[in-house]
Amino acid sequence: MNPMAVVKLKPMLEKFRENHPKIPQFMQTAASGMEEGGALDLKVTNAAGQKIEASIKLNADDIELLNALRELLSQAGGQF
């Protein structure tokens, strides 16, 4: 992992937290409930109102990846 990428990510994460102050607590709570066999449901609505949705059944590899991302984000400036 490129350490400079983590350094560059920090101010972006801080701005995201500033713009969306409820997200860190939501992510922390949601992360504690993610387990193998569970599902991660994603929905994106664009400015025109079009929706794109996906549901991912989580396996052990997914949990490992999500935990690694959480660790990387924490190194970039605290909880996401």
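Just above sits the structure.
To start, this report covers the structure provided alongside it. (Residues numbered from 1 in each chain as written. Predicted model: local features only at pLDDT ≥ 70, side-chain atom pairs only at ≥ 80, totals over all residues. Heavy atoms only, no water.)

Right, let's get into the overall build of the protein. Helix and strand counts for the protein stand at 3 helices and 2 strands. N-terminal to C-terminal, the α/β element order of the protein is α-α-β-β-α. The principal-axis extents of the C-alpha atoms in the protein amount to approximately 35 × 30 × 25 Å. Across the 80 residues of the protein, 12% fall into the buried class. A sequence separation of at least 24 residues applies to 44% of the contacts in the protein between residues at least 6 apart. Put simply, the protein shows about 6400 Å² of open surface, and 59% of that area lies on carbon and sulfur atoms. With 9 positive and 10 negative side-chain charges, the protein shows a spacing of 11 Å between the two charge centroids. (Helix = DSSP H or I, 4+ residues; strand = E, 2+ residues; numbered from the N terminus. Buried < 20%, exposed > 50% of the residue type's maximum accessible area, 1.4 Å probe, protein only. Contact = heavy atoms within 4.5 Å. Areas by Shrake-Rupley, 256 points an atom, 1.4 Å probe, with all protein chains shown as cover. Lys, Arg positive; Asp, Glu negative; His and termini not counted. Charge placed at Lys NZ, Arg CZ, Asp CG, Glu CD.)

With that out of the way, let us pick up helix α1 (residues 3-19). Between its terminal C-alpha atoms α1 stretches 25 Å, which fits the 24 Å expected from 17 residues at 1.5 Å a residue. Approximately 25 degrees is the largest bend angle found in α1, and it occurs at Lys10, with the proline Pro11 only one to four residues beyond. Residues of α1 that are buried: Val6, Leu13 and Arg17. (Expected span 1.5 Å × (residues − 1). Bend = angle between axes of the 7 residues up to and from the residue.)

This part covers the pairing of strand β2 (residues 51-57). Burial analysis of β2 places just 0 of its 7 residues in the buried class, a small minority of the element. Pairing of strand β1 (residues 39-45) with β2 involves 7 bridges; the strand directions are antiparallel. If you follow Leu40 over to β2, its bridge partner there is Ile56. Where β1 folds back onto β2 in an antiparallel hairpin, the turn is made up of 5 residues, including Gly49, whose phi is positive at roughly 90 degrees. (Pairing = 2+ DSSP bridges.)

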